[in-house]
Amino acid sequence: WLITCRHVVAEKKSVEVFFPWRRNGKLVTDRQEYLSNREELRKLGLLVNGKVVRKSDEKDLALVELDSVLAGMKGVAFSTREVRPGDPLVLIGNRHDLEMLWSSTVGPVRSFGPLTDGYFWRSSKLAVGTSAILGQLPMEEGDSGGPVLNDRGELVAMAAALRRRTPLAAVLIN
């Protein structure tokens, strides 16, 4: 199973998911390398199909059932601690305007609580009332759906939206 933002999958019924590829011990980050080597990546189990089985506009979440994952692949651990202002965060994204497939940014928690007004996507309001964190870290379109980790590598949220009125503000669904 994979969880991402509903607005990331849009109206798709299926998606392709790339897992990180290491070649000669180094992480491949060039987007074109992944796209040019799709057949090899499928054979390696690093490119799989996923079926979008559930979407929620209320939470801006989508549940994707993957065809397979590599043997021994582990899911990320969920944090059991609440975040506090000042706690460090790491966001891993996949921006479409960069040549690199993977990117990461860091910054602290600014605040947290219910997302009273939600945010707009394609003239629809998403995530109204959802529990959220406001992080002070660079985030751009394409980072949505990426994991947000604490300093122990545990999942605390998912990147969801920008706050253009507030520099470096990222809305993170938790």
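Now for a description of the structure that goes with this document. (Residues numbered from 1 in each chain as written. Predicted model: local features only at pLDDT ≥ 70, side-chain atom pairs only at ≥ 80, totals over all residues. Heavy atoms only, no water.)

**Details of the pairing of strand β14 (residues 169-173)**
Inference 1: The buried fraction of β14 is high, at five of five residues.
Inference 2: Every second residue of β14 is oriented toward a common face, with Ala169, Val171 and Ile173 on one face and Ala170 and Leu172 on the other, all of them buried.
Inference 3: Here strand β13 (residues 155-162) pairs with β14 via four bridges, running antiparallel. Along β14, the bridge assignment pairs Leu162 with Ala170.
Inference 4: Here β13 hands over to β14 after six residues, with Leu168 in that stretch at a positive phi of 60°. (Buried < 20%, exposed > 50% of the residue type's maximum accessible area, 1.4 Å probe, protein only. Helix = DSSP H or I, 4+ residues; strand = E, 2+ residues; numbered from the N terminus. Pairing = 2+ DSSP bridges.)

**With respect to the sheet that holds strand β12 (residues 147-149)**
Inference 1: On the basis of which strands lie adjacent, the closed barrel formed by six strands has the order β7-β8-β11-β14-β13-β12 and antiparallel pairing. Within the sheet, the average angular offset between the axes of one strand and its neighbour, ignoring direction, is 45°.
Inference 2: Pairing geometry for strand β7 (residues 88-93) and strand β8 (residues 103-114), over six bridges, is antiparallel. When the bridges of β8 are listed, Pro88 appears paired with Pro108. (Axes fitted to C-alpha atoms, helices over the stretch in contact; angles between N-to-C directions.)

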